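This is what each chain is made of:
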Amino acid sequence: MELNSFEQRLRWAMDKRGLKQADIIRLAADEGFKLGKSQVSQYVSGKTVPRKDAMEVLSRILDIELSWLQEGVGLPFVDGEIADYAAKSVRAEGTGSRTGSKQGSTAGSKNGSTEIEQAMEHGWRASITSTPYSPVAPKVPFPEKEAERPAAPLPPIKKSSKLDNVLYDVRGPVADEAARMEAAGTQILKLNIGNPAPFGFRTPDEVIYDMRAQLTDCEGYSDSKGLFSARKAIMQYAQIKGIPHVTIDDIYTGNGVSELINISLSALVDNGDEVLVPSPDYPLWTACVNLAGGTAVHYICDEQADWNPDLDDIRSKITDRTKAIVVINPNNPTGALYSREVLEGIVEIARQHGLIIFSDEIYDRLVMDGFQHISTASLAPDLFCVTFSGLSKSHMVAGYRIGWMILSGPKWRAKDYILGLNMLCNMRMCSNVPAQSIVQTALGGHQSVNGYIVPGGRVYEQRDFVYEALNSIPGVSAVKPKAGFYIFPKLDVKRFNITDDEQFALDLLHDQKVLISHGGAFNWKQPDHFRVVFLPRIEVLEETMDKLAQFLSTYSQ
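Presented here is a report on the structure given in the accompanying data block.

Each value, and the rule that gives it
Here the residue numbers are simple positions, counted from 1 along each chain's written sequence. For this predicted model, a pLDDT threshold of at least 70 governs which residues receive local features, and a threshold of 80 or more governs which side-chain atom pairs are given and counted, while totals over whole chains, interfaces and linings are taken from all residues. No hydrogens and no water enter the side-chain calculation; it runs on all heavy atoms of the structure. Each helix is a run of H or I in the DSSP string that is no shorter than four residues. Each strand is a run of E no shorter than two, and both are numbered from the N terminus. Any two residues whose heavy atoms approach within 4.5 Å at even a single point are treated as in contact. Note on areas: Shrake-Rupley, 1.4 Å probe, and residue coverage restricted to the protein chains presented here. Each Phe, Tyr or Trp ring, with Trp reduced to its six-membered ring, pairs with another whose centre is within 6.5 Å; inter-plane angles below 30 degrees give stacked pairs, above 60 give edge-to-face pairs, and intermediate values give tilted ones. Classification of residues uses two cut-offs on accessible area relative to the type maximum, computed with a 1.4 Å probe and protein chains only: under 20% is buried, over 50% is exposed, and between them is partly exposed. Summarising the geometry, the arc corresponds to the directions from the helix axis toward the C-beta atoms. Any two strands between which DSSP finds at least two bridges are classified as paired. Axis geometry follows a simple rule: fit a line to the C-alpha atoms, using only the stretch in contact for helices, then measure angles between N-to-C directions, giving values from 0 to 180 degrees. Here roughly perpendicular refers to angles of 65 to 115 degrees, roughly parallel to angles under 35, roughly antiparallel to angles over 145, and oblique to all remaining angles. By definition, any crossing whose near helix is turned counterclockwise from its far helix by less than a right angle is left-handed, and any crossing with a clockwise turn is right-handed.

1. Focus on the overall build of the protein
In step 1: Looking only at helices and strands, the protein has 22 helices and 15 strands in total.
In step 2: In the protein, of all internal contacts separated by at least 6 residues, the share reaching a separation of at least 24 is 71%.
In step 3: When the accessible surface of the protein is summed, it comes to about 24,600 Å², and 50% of that surface belongs to carbon and sulfur atoms.

2. Remarks on the packing of aromatic side chains
In step 1: Evaluated as defined, the whole model comprises 17 aromatic pairs.
In step 2: Ring geometry for tyrosine 237 against tryptophan 404: centres 6.4 Å apart, planes inclined by 75 degrees, an arrangement best described as edge-to-face. Separated by 167 residues along the polypeptide, tyrosine 237 in helix α11 (residues 228–240) and tryptophan 404 in strand β9 (residues 403–408) bring together distant segments of the chain. As far as the burial class goes, tyrosine 237 and tryptophan 404 line up, both buried.
In step 3: Here phenylalanine 485 and tyrosine 486 contribute two aromatic rings whose centre-to-centre distance is 6.1 Å and whose plane-to-plane angle is 70 degrees, an arrangement assigned as edge-to-face.
In step 4: A relative accessible area of 0% places phenylalanine 485 in the buried class.
In step 5: Members of the aromatic cluster, joined through ring pairs, are Trp307, Phe488, Phe522 and Trp524.

3. Section: helix α2 (residues 21–30)
In step 1: Those residues of α2 that fall on the buried side of the exposure criterion are Asp23, Ile24 and Ala28. All buried residues of α2 project into a common sector of 130 degrees when viewed along the axis, lining one side. When the buried face of α2 is taken as reference, the exposed residues oriented beyond 90 degrees from it are Ala22 and Asp30.
In step 2: Taken together, the buried residues of α2 touch α1 (6–17), α3 (37–45) and α4 (52–62).
In step 3: Following α2 by one or two positions, glycine 32 adopts a phi angle in the positive range, close to 80 degrees.

4. Section: the pairing of strand β2 (residues 251–254)
In step 1: By the alternation rule, side chains of β2 split into Ile251 and Thr253 and Tyr252 and Gly254, which are all buried.
In step 2: Taken together, the four bridges between β2 and β9 define a ladder with antiparallel strand orientation. Of the residues in β9, the one forming a bridge with threonine 253 is tryptophan 404.

5. Remarks on the sheet that holds β2
In step 1: Strand order in the open sheet made by the eight strands is β2-β9-β8-β7-β6-β3-β4-β5, with mixed pairing throughout. Among the strands making up the open sheet, the edge pair consists of β2 and β5 (308–309).
In step 2: Relative to strand β4 (residues 295–302), strand β3 (residues 274–279) runs parallel, the two sharing six bridges. Residue pairing across strands places leucine 276 opposite valine 297, the latter belonging to β4.
In step 3: Along the sheet face, helix α15 (residues 340–353) touches β5, β6 (322–328) and β7 (356–360) and points at about 170 degrees away from the line of β6.

6. Brief notes about the environment of cysteine 430
In step 1: For cysteine 430, the position within the fold is in the loop between α16 (415–427) and α17 (433–436).
In step 2: Its relative accessible area of 10% is what places cysteine 430 among the buried residues.
In step 3: Counting along the chain gives 206 residues from cysteine 430 to serine 224, while the straight-line C-alpha distance between them is 4.3 Å.
In step 4: Ignoring sequence-local partners within four residues, the contact set of cysteine 430 consists of Tyr221, Ser222, Asp223, Ser224, Asn255 and Cys425.

7. Some words on the side chain of threonine 387
In step 1: For threonine 387, the position within the fold is in strand β8 (residues 385–390).
In step 2: Residue class for threonine 387 comes out buried when judged on its relative accessible area of 4%.
In step 3: In this structure threonine 387 touches Ile243, Ser359, Glu361, Ser375, Ala377, Trp404, Met405 and Ile406, once residues within four positions along its chain are discounted.

8. What to know about the packing of helix α12 (residues 256–266) against α16
In step 1: Packing of α12 against α16 brings their axes to within 9 Å, and their N-to-C directions diverge by 135 degrees. Classified by the angle their axes make, α12 and α16 are oblique. In the crossing of α12 with α16, the sense of the turn from one axis to the other is right-handed. Across the interface between the two elements, Ile263, Ser264 and Ser266 of α12 pack against Tyr417, Leu421, Leu424 and Cys425 of α16.

Here is the structure:
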């Protein structure tokens, strides 16, 4: 039996332990982990690979090393002694050839099994990646002398334990499966990532011209906070947004907002600290809190109230360990735009408990239907706030990686924290200098994005189409987004018998070749939502919605 793929190793391990699929489901339940019948069937058939937590449960149940089960690396058995049984048995049988010839690969086997299977039957733990007879490694000459062989295989190289609670499933197992299918030649309709360029949204010509003209001036590092011209333009933008008392020293540029989220939380969070994060959220916030050693405590955004934050839920989750609250407005993944009243309520809670406010406002220039975005910091002149924004979405330059953060409020209170921010920014030298060179051009003059977000504009019309199309599918409902590129529809889980939203996304991918992000990827705890990116043109969205409707017409998990 070959062991090249996960499902082959899984079936081999199940056979060695004498376990059937039903046993796997039962043993997982004994550990408090729910595995559905369809999930295990998909694993065994090779249609999908388990996510991290399920993989770890399978490793424990089967008493098999995680690295071997997952990637074929290292040793299969958790316990037992290392032996060179395979090499000895090969020599004893007189295989002769060690070059992968037919004679060499079959001689010495019994009942059609390979040497490695015979060795494993005798408890051999030698690494299957280091022997010439390994089904998952190139065939290399086997050392003739005992001394030439290593006494024991090197241990697997494992990731840091700090990543144990870090997830970013927007580009997780479902997206990995889509990539595998694409590599095999399958065409996938992608509605999973808010990347404008593949859908025909172009960078404004003026921005490209100005970057090209300045490239020769951008060969060296800039100040760690950024170019003066870029920070000056951002400072002026902050003034327009009503953020008070901002100087050029309060502006930091970054390689996208993502880098600055990581820096801002790494500089703040100690082990055991808590940060309030919305649910659903942009998952990088939760991941970076956990990576810094803290705990992301999720407060609920209420779908019945147009996805606005539940202020009572926020209050109930504050403890003496809470250091900050994250506000994502406009929200990804829901497309919600928070009212002044809701923002004032959040600010008052932060004021009462002395919390830092982190306000992610990357979609502030993509607001539709005549609504106006209000910057949280403009309502909190007496509170220390960090406001994030950038050009990736509003100017369709996601690949340029240019974002910024603005410090406001009583900076004297955050003097030590700011020293930490400066240290981390200095350590990465500076952000992308050519991208910084276009900030002044992008924030001043004509804003091409304005044509997209009004009636007749692409984003506006695609938003309206997908909202109507989703709500016309039996068992699906959605709140109309007011901003951004996303909609977060709800599934009738009873109608479709859905208990695992990631499995739903995988089933849709396999059946209709449509890639979406499941709700759990955004730290939404119920298996009843998924996110759709409405950047594709209407004709593509129409095809996709037809495929979704066809899939759901017969789907039951």
